[in-house]
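Results of the structural survey
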Amino acid sequence: LSLVVLISGGGSNLRALLEAASDAEYPARVVAVGADRDATGLAHAEEFGIPTFTVPYSSFPSREAWGEALLEQIRVWNPDLVVLSGLMRLLPANFVAQLAPNLINTHPAYLPEFPGAHAVRDAITAGAAQSGASIIVVDNGVDTGSIIVQERVPVLEGDTEHSLHERIKPVERRLLVQTVLDIANGLDLTKV
Ligand code: GRF
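Residues numbered from 1 in each chain as written. Predicted model: local features only at pLDDT ≥ 70, side-chain atom pairs only at ≥ 80, totals over all residues. Heavy atoms only, no water.

- Per an unreviewed UniProt entry, the protein is named Phosphoribosylglycinamide formyltransferase, and its organism is Paramicrobacterium humi.
- The record in UniProt for the protein states the following under Function (unreviewed entry): "Catalyzes the transfer of a formyl group from 10-formyltetrahydrofolate to 5-phospho-ribosyl-glycinamide (GAR), producing 5-phospho-ribosyl-N-formylglycinamide (FGAR) and tetrahydrofolate."
- According to its UniProt record, the protein has this under Catalytic activity (unreviewed entry): "N(1)-(5-phospho-beta-D-ribosyl)glycinamide + (6R)-10-formyltetrahydrofolate = N(2)-formyl-N(1)-(5-phospho-beta-D-ribosyl)glycinamide + (6S)-5,6,7,8-tetrahydrofolate + H(+)". (UniProt positions renumbered as here; feature names shortened; annotations may be inferred.)

Thoughts on the sheet that holds strand 6 (residues 130-137)
- Pairing within the open sheet is mixed, and its seven strands lie in the order 3-2-1-4-5-6-7. On the outer flanks of this sheet lie strand 3 (52-54) and strand 7 (147-154), each paired with one strand and no other. Within this sheet the neighbouring strands show an average axis-to-axis angle of 20 degrees, counted without direction.
- Judged from the six bridges that link them, strand 1 (residues 2-7) and strand 2 (residues 29-35) form a sheet pairing that is parallel. Of the residues in strand 2, the one forming a bridge with I7 is A35.
- Of the strands in this sheet, strand 1, strand 2 and strand 4 (81-84) are in contact with helix 1 (residues 12-21), which crosses strand 2 at around 160 degrees.
- Packed onto the sheet, helix 6 (residues 161-184) meets strand 1, strand 4, strand 5 (103-107), strand 6 and strand 7 and runs at close to 155 degrees relative to strand 7. (Pairing = 2+ DSSP bridges. Helix = DSSP H or I, 4+ residues; strand = E, 2+ residues; numbered from the N terminus. Axes fitted to C-alpha atoms, helices over the stretch in contact; angles between N-to-C directions. Contact = heavy atoms within 4.5 Å.)

Here is the structure:
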């Protein structure tokens, strides 16, 4: 299974996929890594010798134009699956329509709880006793797609946004690596 992974930040989830894919037994390969900005996580791809591309959101007149340019880059690699792994950008409808259902996202909350760009902070603010990690199929909503898999993560006394996020990320990484494996082994994303 060939993957293009899209990031905006540090790429710790990306790194987990790169490490899993470097095992010859793992039936998926990251063929390219893209970002909507000069993401520090691109360094992980460079370390693993994986091609990278950047489509800076700020260089385009509209979200749709950016989406088209991003799609053009992805098409170069013709991946079986596109993985959003810390891409902090809402995707335009044209982008989703072209790729669905072969477009998944990892989210640091137990959806439908705490959708959106500040999920971990929102869980802390809400005084939630537990949050979680979710892997979903991307649709046109904000974190509203079908849930492929999700797992609860406890919120501990005195947790900050950072400490909770650091507890969620390892769960995300494990779920993401497992989900890509399941898809490579035939999981039908139209049936989740
Ligand atoms: C992850 O928790 C992801 O779910 C969220 O942002 C974080 C990205 O972390 N959208 P990283 O860039 O993979 O380290």
